[in-house]
Amino acid sequence: ILKCDFSTSILDAAKKMQRKFQKAIFVENDGELIGVINDADLRNRVIAANINYNYPVSHVMTSPVVFIQENDLLYEAILKFKNYRVSHLVVRNNVNEVIGVFGNQDALDMQRNTLSYLIKEIEISEDVNQLKNIYNNVPVIIRALIESGDKTSNITRIITSVADAITKRAIELTMEEIGEAPCSFAYIG
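Rules used in this analysis
- Going along each chain's sequence as written, the residues are numbered from 1 onward.
- With pLDDT at 70 or above as the cut-off, local features in this predicted model cover only qualifying residues; side-chain atom pairs require 80 or more to be listed or tallied, and sums for whole chains, interfaces and linings still use all residues.
- Based on all heavy atoms of the structure, the side-chain values leave hydrogens and waters out of the count.
- Between the rings of Phe, Tyr and Trp (Trp by its six-membered ring), a pair exists once the centres lie within 6.5 Å; its type follows the angle of the planes, with under 30 degrees stacked, over 60 edge-to-face, and the other angles tilted.
- Helix and strand assignments come from DSSP, with helices taken as H or I runs of at least 4 residues and strands as E runs of at least 2, each series counted from the N terminus.
- Lysine NZ or arginine CZ positioned within 6 Å of the ring centre and within 35 degrees of the ring normal marks a charge as sitting over the ring.
- Only heavy atoms matter for contacts: two residues are in contact if any of them lie within 4.5 Å across the pair.
- Strands are labelled as partners when DSSP assigns at least two bridges between them.
- All axes are obtained by fitting lines to C-alpha atoms, using only the stretch in contact for helices, and the reported angles, taken between N-to-C directions, cover 0 to 180 degrees.

(A) Broad picture of the packing of aromatic side chains. Scanning the model with the defined rule gives 1 aromatic pair in all. Look at Phe81 and Phe102: their rings are 6.1 Å apart centre to centre, the planes differ by 25°, and that puts the pair in the stacked class. Here the residue Phe81 occupies a position in helix α3 (residues 74–84), and Phe102 occupies one in strand β6 (residues 98–103), the gap between them amounting to 21 residues. The ring of Phe67 is capped by Arg92, whose NZ or CZ atom sits 3.5 Å from the centre of that ring.

Structural data, given as structure tokens:
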């Protein structure tokens, strides 16, 4: 977790973020986390607002810091991103020690991996009822992607991939049940 003192200049904080290849820096006062600044804050609250780079970070930080426990579910993190309108959550362990940072990009990456799992579940489904159960979970995943701010083009591609996988598996299950098609065919949805 990248930190700076609340009196650090905006310029020094941005340089530290750049040196450490971090998208966020947490602001502390007397060892307590009191705020955060991310790339978007620098763009929107500093550059676009023409704020002096020598002002302290406390002038433009988002406060308070939002925490999440290490065992919380991904869905809970997504809700916190949405409800608190933050891009980073500080992760605490079971004794409330800060152990890391979880960003909305991390959540997106995990969701994409979840979608890979979903496609695999579709491919190994054994009957139409299993496909139906998987299909019923798709809107929840899509809603989470929308709420997390993923690009529309990415969401559309994901929906298409899931729909294609379900259609393909439905055709395979049908052919397993009634036998091979009497001729070559193509399905156009």
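(B) Expanded view of the side chain of Ser125. Tracing the backbone shows Ser125 in the loop between α4 (104–124) and α5 (128–147). With sequence-adjacent residues up to four places away left out, Ser125 is seen in contact with Gln130, Leu131, Ile134, Arg169 and Leu173.

(C) Fine view of the sheet that holds strand β2 (residues 24–29). Taken in spatial order, the 3 strands of this open sheet run β1-β2-β3, and their pairing is mixed. Since the sheet does not close on itself, it has two edges, and those belong to β1 (3–5) and β3 (32–38), each with one partner. Averaged over all pairs of adjacent strands, the angle between their axes in this sheet comes to 35°, without regard to strand direction. Pairing geometry for β1 and β2, over 3 bridges, is parallel. Paired with Cys4 across the strands is Val27, a residue of β2. Across the sheet, helix α1 (residues 10–19) touches β1, β2 and β3, and the angle it forms with β2 is around 130°.

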